[in-house]
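Residue-level listing of the chains:
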Amino acid sequence: MSSLALLSCGALGKEVKAIVDGRGWNVDIYGIPAMHHLYPKKIVEAVDAKLAQIGPQYRQVVLVYGDCGTAGALDAVLERHGAVRLRGPHCYEMFAGDDFDQLVAERPGTFFLTDWLVRNFERAVVRGLGIDRYPELKPVYFQHYTDLLYLAQFREDRLEQKAREIADYLELRLEVRQVGMGQLETRLAALLQDMP
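In this report, the structure presented in the accompanying data block is examined.

The rules behind these values
Residues numbered from 1 in each chain as written. Predicted model: local features only at pLDDT ≥ 70, side-chain atom pairs only at ≥ 80, totals over all residues. Heavy atoms only, no water. Helix = DSSP H or I, 4+ residues; strand = E, 2+ residues; numbered from the N terminus. Contact = heavy atoms within 4.5 Å. Pairing = 2+ DSSP bridges. Axes fitted to C-alpha atoms, helices over the stretch in contact; angles between N-to-C directions. Buried < 20%, exposed > 50% of the residue type's maximum accessible area, 1.4 Å probe, protein only. Polar contact = N/O pair within 3.5 Å; in protein donor to acceptor, adjacent residues only side chain to side chain. Core = buried A, V, L, I, M, F, W, Y, C linked by side-chain atoms within 4.5 Å. Disulfide = S-S within 2.5 Å.

## Observations concerning the environment of Gly180
Relative to the elements of secondary structure, Gly180 occurs in the loop between strand E7 (173–178) and helix H10 (182–193). Along the backbone, Gly180 and Ile54 are 126 residues apart, and their C-alpha atoms lie at a distance of 30 Å.

## Overview of the environment of Tyr169
Tracing the sequence through the fold places Tyr169 in helix H9 (residues 157–170). Considering only alpha carbons, one finds Tyr169 and Met195, 26 residues apart in sequence, at a separation of 45 Å. Beyond its immediate chain neighbours, meaning those up to four positions away, Tyr169 contacts Phe121, Val126, Ile131 and Lys138.

## A word on the sheet that holds E7
The strand order E5-E6-E7 describes an open sheet built from three strands, whose pairing is parallel. Two strands bound the open sheet, and with one partner strand each, they are strand E5 (110–113) and E7. With direction set aside, neighbouring strand axes in the sheet form an average angle of 20°. Direction of pairing for strand E6 (residues 147–152) relative to E7: parallel, over a ladder of six bridges. By the bridge assignment, Leu149 is partnered in E7 with Glu175. This element, H9, spans E5, E6 and E7 of the sheet and lies at about 165° to E6.

## Some thoughts on the environment of Glu175
Tracing the backbone shows Glu175 in strand E7. Its relative accessible area of 26% is what places Glu175 among the partly exposed residues. Not counting chain neighbours up to four residues away, the residues in contact with Glu175 comprise Arg107, Leu148, Leu149 and Tyr150. Here the side chain of Glu175 touches Arg107 through a polar contact of 2.9 Å, side chain to side chain.

## What to know about the nonpolar core
As a rule of thumb, soluble globular proteins bury nonpolar side chains together. With 65 residues, the main nonpolar core has Leu6, Val47, Tyr65, Phe111 and Leu113 as its most contacted residues. Considering every element that reaches this core, the biggest residue donor is helix H2 (residues 40–54), with six residues. Those residues within four positions of Phe111 in sequence are excluded, and the remaining contacts are Leu117, Phe121, Val125, Phe142, Tyr145, Asp147, Leu148, Leu149, Leu170 and Leu172.

## Notes on the state of the cysteines
Per the stated rule, a full pass over the model turns up zero disulfides. Unpaired in this structure, Cys68 has its nearest cysteine sulfur neighbour in Cys9, at a distance of 6.0 Å. Residue Cys91 stays outside any disulfide, its sulfur separated by 6.4 Å from that of Cys68, the closest cysteine.

Have a look at this one:
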């Protein structure tokens, strides 16, 4: 067992594993279900419970999350448990990096996709938001969106094709940017480097 643990959002599981393996870090990795993003309070509750369970076993636990809509409640939990997290509001900002603020300022009607969201669009968006049961909700949810920006972590033709299908379904213009790990890896590496 390592003295350091990463507690990661399930939507970043593949990416975190790739970063850890690529850098040869000796860390233990735990996950929180990605679907909790539909109810950010569940993120806070799940992180709190997991930190209570695993925290005493490690010198340090690093949360691989942004604030993710918790309005600061996540940081209060981390402070109580002595854990730390990556800086940033959410993974879209981490993947887009320095361009994110400019992107949302210039294109406020942009709906973002990541590899995880492309793979899980049906479950997370269509079923998660009830569009499968109430199709009339789709234009209500997406009426103010103009663009679909896919921030791709891994180059996979299958995912790009699925992103095109999502764009057609939402009737939005699609742009695909191969961003890789963006600032996720940079911020995680900087945080671990500063660990005592």
